[in-house]
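Architecture at a glance
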Amino acid sequence: MSRTTAVLGPTGSAERALAPDLARGFMLLFIALANTVWYLWAAPSTGTTMHPEPEGALDSAAQFFTVMAVDMRSYPMFAFLFGYGMVQLARRQQAAGADVRSVNALLRRRNLWLLVFGFFHALLLWMGDILGAYGLAGLVLGWLFFRRKDVTLLVWGGVLTGLMALLAAVSLLALPFVSDAGAEAPTGFDMSQAAANIGDPSFLSAALLRVMTWPLVVVGQGLLGLAVPAAILLGFWAARRGFLEEPGRHLGALRRTAVVGISVGWLGGLPMALAQTGVWDLTAAQGQMLTMPHMLTGVFCGVGYVALIALVAHRLQERGRTRGPVVTALSATGKRSLSAYLAQSVLCAPILAAWGLGLAEHMSSWTMFLYAIAVWLVTVAAAYALERSGRRGPAEVLLRKLAYRKPSGAVGAAGAPESAGPPGTSGAAEQGVAEGAHQERTTP
C-alpha cells in the first residue's frame, strides 16, 4: 500500500501563481530607486525628504517621479504580499496534513529568522533593512490576527488606516501654522541621523551606527508606522479570497483597486514631489508635515500596484505569453526576491558608501536613478540565469533550511493524491521572501 507524506519544502514551478512573482520582481526596481537615494551622502538633503537639492532638470525629473510614485509606495506593496503569503503558506501546509500548531510554529520560525537576517543585513550593509520590520510585524500580527474572522481583519485594517488618516488631517491642518523656527527645533528621530553611517569613512564605526539605528527602523516601520500592519492585514483578508491566484474571478475588484489606489497614491504623492523640486515653496518643517499624508496614500498606491500587476498577469495568461524572456526573468526575480533584495545592498553599499569606494560622492539624483536601474537589471539577469539552470536563490535556500528544520510533516491517508494544495498558491506563499510546500510520495 502506498501513501503520501507531506514534506515541508519548495513548491514546483508548475504550481506557482504568476501575479505575486511578477509583482515582486518588478517592484524590486522601486525598492532600488527608493533605497539608493540614501547613498547620496555628499549632498545634504533638503530636510523635506532625503533627496538633495536638485541641480538641474534631470535631477528634478528623477526626484519628482521617485517621490510621487516610489517613496513610501513600494514597501506597503511588499507588506501586502507578505501578509498574503502567510495565509497561503498556512493553507498549503494544512492541506498537506500539518496541524494548526505546527503551522503556527513554522510561521513563527520564519518570522524570527527574518529578524535574524535583518540584523545581519543591517550590521554588514544597510541600516534601512526591511526584513526585520516584516519579521516583527509577522510575529505580532500573526499572534493577534492570523486566525481571526474576516470582519475582524477588515475592522482593524480600517482602524489603522483611519488612524493614519486622522494624523494626516492634523498634519495638513497644522501646516500653515508651522514657522521657520520650527525647522530648527528638535523633532525626535532625525532621518539624516539614520543615514549618517553612509558618510562615515570607517566601516566599524558605520556598522555600529547601523546596528544602533536598526531597532528603530524595525519597530518604526514594522508596527508604529501603521502602514505595514495595515497592508499585512489587507493581505490576510485578500488571500482568503484568492485574488492573486484567480484574478479572472475578481477582475472588477482588481480594476477598481488599481485605478483608485494608484490615483490616490500619485495624487497624494504630488504635494511632497512639488515641495521637493521647489515648485511649492515650503520650509523643511512644513515639508515634513506632508510625511503622514504621503504615507497614508502610499498604502493605497502599494495595493493598487499589486492589483495592476495581477491584471497584467491575467492578460498574459489569457494570451499564453507567460514563457517569454521578459516575463520569465521578472517572475524568476520574484521567486528569488529575498536574494535579489540582499543583492541590491551588496551592489550598492560597498561601492557607494564612504566606508567603501565612495562612488556616490560624485553622483547626483539622476545618475543615482540610473545606477538603481542598473542594479535591478543585474539582479534580474542573475535570477534569470538561476531559473534557466534550475537553481533557487541562495538566501531562500538558507531561510528554508533554517525555518523548516527537517523534512517532516503530517502523514496523509492511504491513497491520498500527491498534490495537497490548490494549484498556483505557492507564489504568494513565500511571505515575500520564501516558498511553500511540496509532497513526496513514499511506498512502505
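From a predicted model like this one, the values you see are computed outputs, not experimental measurements.

**Re the overall build of the protein**
A tally of regular secondary structure across the protein gives 16 helices and three strands. Among the 444 residues that make up the protein, the fraction classed as buried is 54%. Here the protein has roughly 19,000 Å² of accessible surface; of this, 66% comes from carbon and sulfur atoms.

**Some points on the packing of helix H1 (residues 18-36) against helix H12 (residues 291-318)**
Look at H1 against H12: their axes get within 9 Å of each other, and the N-to-C directions meet at 125 degrees. By the angle class used here, H1 and H12 are oblique. H1 and H12 meet at a crossing whose hand is right-handed. Along the contact surface, H1 presents Leu18, Ala19, Leu22, Ala23, Phe26, Met27 and Phe30, while H12 presents Tyr305, Ile309, Ala310, Val312, Ala313, Leu316 and Gln317.

**Looking at unusual backbone geometry**
When glycine is set aside, most residues are seen to have a negative phi, and most peptide bonds are trans. Even without being glycine, methionine 72 reaches a positive phi, approximately 60 degrees. Note that methionine 72 resides in the loop between helix H2 (57-69) and helix H3 (74-95).

**A word on the pattern of salt bridges**
Under the definition given, this model contains seven salt bridges. Here aspartate 21 makes a salt bridge to arginine 24, at a shortest N to O gap of 2.9 Å. Of the two residues, aspartate 21 and arginine 24 are both situated in helix H1; the distance of three residues between them amounts to about one turn of the helix. We note that aspartate 21, like arginine 24, is buried.

**Re the packing of aromatic side chains**
Going through the model one piece at a time under the given rule, you end up with 14 aromatic pairs. Aromatic side chains phenylalanine 30 and tyrosine 305 sit 5.6 Å apart centroid to centroid with 80 degrees between the ring planes, which places their arrangement in the edge-to-face category. Here phenylalanine 30 is found in helix H1, whereas its partner tyrosine 305 is found in helix H12, with 275 residues between them in sequence. For phenylalanine 30, a relative accessible area of 7% puts it in the buried group. Seen from their ring centres, phenylalanine 80 and tyrosine 84 are 6.1 Å apart, and the 45 degrees between their planes marks the pair as tilted. Of this pair, phenylalanine 80 and tyrosine 84 are both found in helix H3, four residues apart, which corresponds to roughly one turn of the helix. Residue classification places tyrosine 84 among the buried residues on the basis of a relative accessible area of 0%. A network of ring pairs unites the aromatic residues Phe26, Phe30, Phe65, Tyr305, Phe369 and Trp376 as a single cluster.

**Observations concerning the environment of valine 375**
Position of valine 375 among the secondary structure elements: in helix H15 (residues 365-388). In sequence terms valine 375 and threonine 36 are 339 residues apart; their C-alpha atoms lie 9.9 Å from each other. Leave out the neighbours within four places in its chain, and valine 375 touches Gln344, Leu347 and Cys348.

**Here we look at the environment of glycine 248**
Secondary-structure assignment places glycine 248 in the loop between helix H9 (227-239) and helix H10 (251-276). Glycine 248 gets classed as partly exposed once you look at its relative accessible area, which sits at 39%.

**Remarks on the nonpolar core**
Tyr39, Met164 and Phe236 are the most contacted members of the largest nonpolar core, which totals 110 residues. Grouped together as the second largest cluster of nonpolar side chains are eight residues, Val67, Leu175, Leu282 and Leu290 included.

**Describing H9**
Counted at 1.5 Å a residue, the expected span for H9 with its 13 residues is 18 Å, and the 18 Å between its end C-alpha atoms agrees. In terms of burial, H9 is a largely internal element, 11 of the 13 residues being buried. Burial in H9 covers these residues: Ala227, Val228, Pro229, Ala230, Ala231, Ile232, Leu233, Gly235, Phe236, Ala238 and Ala239. Of the surrounding elements, those touching the buried residues of H9 are H3, helix H5 (131-145), helix H6 (150-174), helix H8 (203-224) and H12.

**Notes on the UniProt feature "transmembrane region" (unreviewed entry) in the protein**
Residues annotated by UniProt as "transmembrane region" (unreviewed entry) correspond here to residues 21-41, 130-146, 153-178, 214-237, 258-275, 295-313, 340-360 and 366-386. As annotated, residues 153-178 has a helix share of 85% and a strand share of 0%, and its two end C-alpha atoms lie 37 Å apart. Secondary structure across residues 366-386 divides into 100% helix and 0% strand, with the first and last C-alpha atoms of the span separated by 31 Å.

**A word on a nonpolar patch on the surface**
Residues Val151, Val155, Trp156, Val159, Leu163, Leu166 and Val170 make up a contiguous nonpolar surface patch of roughly 610 Å² in combined accessible area. Counting through the fold element by element, valine 151 comes out in helix H6. Overall, the relative accessible area of 51% leaves valine 151 in the exposed class.

**Points about H15**
For H15, spanning 24 residues, the distance from its first C-alpha to its last is 35 Å, which sits close to the expected 34 Å at 1.5 Å a residue. Taken together, the buried positions of H15 are Ser365, Met368, Phe369, Tyr371, Ala372, Val375, Trp376, Thr379, Val380, Ala383 and Leu386. Taken together, the buried residues of H15 touch H1, H2, helix H13 (325-335) and helix H14 (337-352). Phi for glycine 390, located one or two positions after H15, is positive at around 75 degrees.

**A closer look at the side chain of arginine 24**
For arginine 24, a relative accessible area of 0% corresponds to the buried category. At 3.3 Å, the side chain of arginine 24 forms a polar contact with the backbone oxygen of glycine 334.

**Regarding the environment of proline 247**
Mapped onto the elements, proline 247 comes out in the loop between H9 and H10. Here the alpha-carbon distance between proline 247 and histidine 314, two residues 67 residues apart in the chain, equals 6.2 Å. Residue contacts for proline 247: discarding those within four places in its chain leaves Leu254, Ala310 and His314.

**Concerning the confidence of the model for the protein**
Of all residues in the protein, 84% have pLDDT values of 70 or greater, and the mean over the chain is 85. In the model, residues 1-8 has pLDDT below 50 throughout and makes 41 contacts with residues more than four positions away in sequence or in other chains. Per-residue pLDDT stays below 50 along residues 407-444; that stretch engages in 139 contacts with residues further than four places along the chain or on separate chains.

Criteria and thresholds
Residues numbered from 1 in each chain as written. Predicted model: local features only at pLDDT ≥ 70, side-chain atom pairs only at ≥ 80, totals over all residues. Heavy atoms only, no water. Helix = DSSP H or I, 4+ residues; strand = E, 2+ residues; numbered from the N terminus. Buried < 20%, exposed > 50% of the residue type's maximum accessible area, 1.4 Å probe, protein only. Areas by Shrake-Rupley, 256 points an atom, 1.4 Å probe, with all protein chains shown as cover. Axes fitted to C-alpha atoms, helices over the stretch in contact; angles between N-to-C directions. Parallel < 35°, antiparallel > 145°, perpendicular 65-115°, else oblique. Left-handed = near helix turned anticlockwise from the far one by under 90°. Contact = heavy atoms within 4.5 Å. Salt bridge = Lys/Arg side-chain N within 4 Å of Asp/Glu carboxyl O. Phe/Tyr/Trp six-rings, centres within 6.5 Å; stacked < 30°, edge-to-face > 60°. Core = buried A, V, L, I, M, F, W, Y, C linked by side-chain atoms within 4.5 Å. Expected span 1.5 Å × (residues − 1). UniProt positions renumbered as here; feature names shortened; annotations may be inferred. Patch = residues over 30% accessible without salt bridge, like charges linked within 9 Å, V, L, I, M, F, W, Y side chains within 5 Å. Polar contact = N/O pair within 3.5 Å; in protein donor to acceptor, adjacent residues only side chain to side chain. pLDDT = per-residue confidence, 0-100.

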